[in-house]
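Residue strings, one per chain:
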Amino acid sequence: MAKRNFPLSEVYTLLEPGPVVLLTTIRGDKPDVMTMSWLTMMEFTPPQIGCVISNRNYSFKALQETGECVINIPTAELAQAVVGCGNTSGRHIDKFSRFGLTPEAGKRVRAPLIKECFASLECQVVNTDLVAAYCFFVLEVCKAWRDAKLKNEPTLHHRGWGTFVLDGETITLPSKML
Ligand SMILES: Cc1cc2nc3c(=O)[nH]c(=O)nc-3n(C[C@H](O)[C@H](O)[C@H](O)COP(=O)(O)O)c2cc1C
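Per chain, the residues get numbers from 1 upward, laid out in the order the sequence is written. Given that the model is predicted, a residue must reach a pLDDT of at least 70 before its local features are reported, and side-chain atom pairs must reach 80 or more before they are shown or counted; all residues, however, enter totals for whole chains, interfaces and linings. The side-chain values count all of the structure's non-hydrogen atoms but skip hydrogen atoms and water molecules.

Draft legend 1. Molecular detail of the site of the ligand. Every one of the 20 residues lining the ligand counts as a neighbour, but D32, S59, T88, S89 and G90 are closest to it. As used in this structure description, the phrase polar contact means that two N or O atoms lie within 3.5 Å; if the pair is within protein, one of them must be able to donate a hydrogen and the other to accept it, and residues adjacent in sequence are counted only when both atoms belong to side chains. Contact between the ligand and V52: a nitrogen atom at 2.9 Å from a main-chain N or O atom of the residue. In this structure, an oxygen atom belonging to the ligand sits 2.8 Å away from a main-chain N or O atom of S54. The fraction of the free accessible surface of the ligand (650 Å²) that becomes covered by protein chains is 85%. If you list the elements that add at least two residues to the shell around the ligand, you get strand 2 (30–36), helix 1 (58–66) and helix 2 (79–87). Here the element with the most residues in the shell around the ligand is strand 2; it accounts for four residues. All amino acids are sorted into three groups, where Ala, Val, Leu, Ile, Met, Phe, Trp, Tyr, Cys and Pro are nonpolar, Asp, Glu, Lys and Arg are charged, and the leftover types, Gly among them, are polar. Of the residues assigned to the shell around the ligand, the class counts are eight nonpolar, ten polar and two charged. We call a residue near a given molecule or strand whenever any one of its heavy atoms falls within 4 Å of it. Exposure was quantified through the Shrake-Rupley algorithm and a 1.4 Å probe, taking into account, for residues, occlusion by the shown protein chains and nothing else. Helical segments are the DSSP runs of H or I of at least four residues, strand segments are the runs of E of at least two, and each set is numbered from the N terminus.

Right, here's the structure in full:
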């Protein structure tokens with residue numbers, strides 16, 4: 001491998017952490033949806049997820065005030081809406097109507113599920129120790145939904161600046177990790 005210097009500002013594009021998701025919140029009666037790719041699993045049961053949500057985003061305020069959100073996982077078919085929700089702010093527009101997304105009531109949190117996504121995870125904020133320094137929230141999934149018919153639909157994985165990789169071939173090896 002002939003490796004050369006690589007810009008630090010692009011390191012994250014080598015370490016894409018998981019599918020791009022749509023994070024929904026509700027502040028008062030105003031729901032919002034934000035595109036997010038900086039997230040990581042932290043625990044199996046109850047499932048815990050760490051994520052970075054910039055304090056410049058409208059979603060940051062909603063999450064801080066309500067302590068609740070939903071992580072919705074889109075298939076690649078929703079790519080246009082995913083990018084749209086990442087390029088606009090709920091401060092100015094209603095992204096559900098702008099990008100053709102349908103809010104649905106969940107069971108455990110007030111933030112809406114997105115009907116068009118194949119999975120939705122209702123979450124509560126369980127730790128904010130790193131919010132002030134890193135905008136890093138720890139979420140716990142309290143209720144999970146998934147469309148069982150969609151097993152291998154490609155999801156989107158962010159490589160930076162509008163570039164996405166779609167899930168490809170699945171292989172199975174004798175790994176001891178769940
Ligand atoms: C592919 C993609 C991934 C993104 N990932 C994140 C992320 O992990 N954290 C974050 O704070 N913003 C992320 N953004 C930017 C937010 O989605 C964007 O700032 C959005 O306008 C915030 O919306 P809001 O103001 O309605 O909350 C991402 C945008 C795109 C297009």
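Draft legend 2. Focus on unusual backbone geometry. At the junction of T45 and P46, the peptide bond is cis and its omega measures out at -10 degrees in the coordinates. By the secondary structure assignment, P46 is in the loop between strand 3 (39–43) and strand 4 (48–52). Positive phi, close to 55 degrees, is recorded for C135, a residue that is not glycine. Following the sequence through the fold, C135 ends up in the loop between helix 4 (131–134) and strand 9 (136–146). Here C135 falls in the buried class, since its relative accessible area comes to 11%. In this structure, W161 takes a positive phi of about 45 degrees despite not being glycine. Exposure is judged per residue with a 1.4 Å probe applied to protein chains only, and the accessible area is read against the type maximum: over 50% gives exposed, under 20% gives buried, and values in between give partly exposed.

Draft legend 3. Broad picture of the pairing of strand 3. One ladder, built from four bridges, connects strand 3 with strand 4; its direction is antiparallel. Of the residues in strand 4, the one forming a bridge with M41 is I49. Whether two strands pair comes down to DSSP finding at least two bridges between them. Counted between consecutive antiparallel strands, the loop separating strand 3 from strand 4 contains four residues.

Draft legend 4. Expanded view of helix 1. Taken as a whole, helix 1 has its buried residues at Y58, S59, F60, A62 and L63. In what follows, a contact means two residues having at least one pair of non-hydrogen atoms within 4.5 Å. Against the buried residues of helix 1 lie strand 1 (21–27), strand 2, strand 5 (68–73), strand 8 (119–127), helix 4 and strand 9. In the stretch just after helix 1, G67 is the one whose phi turns positive, near 70 degrees.

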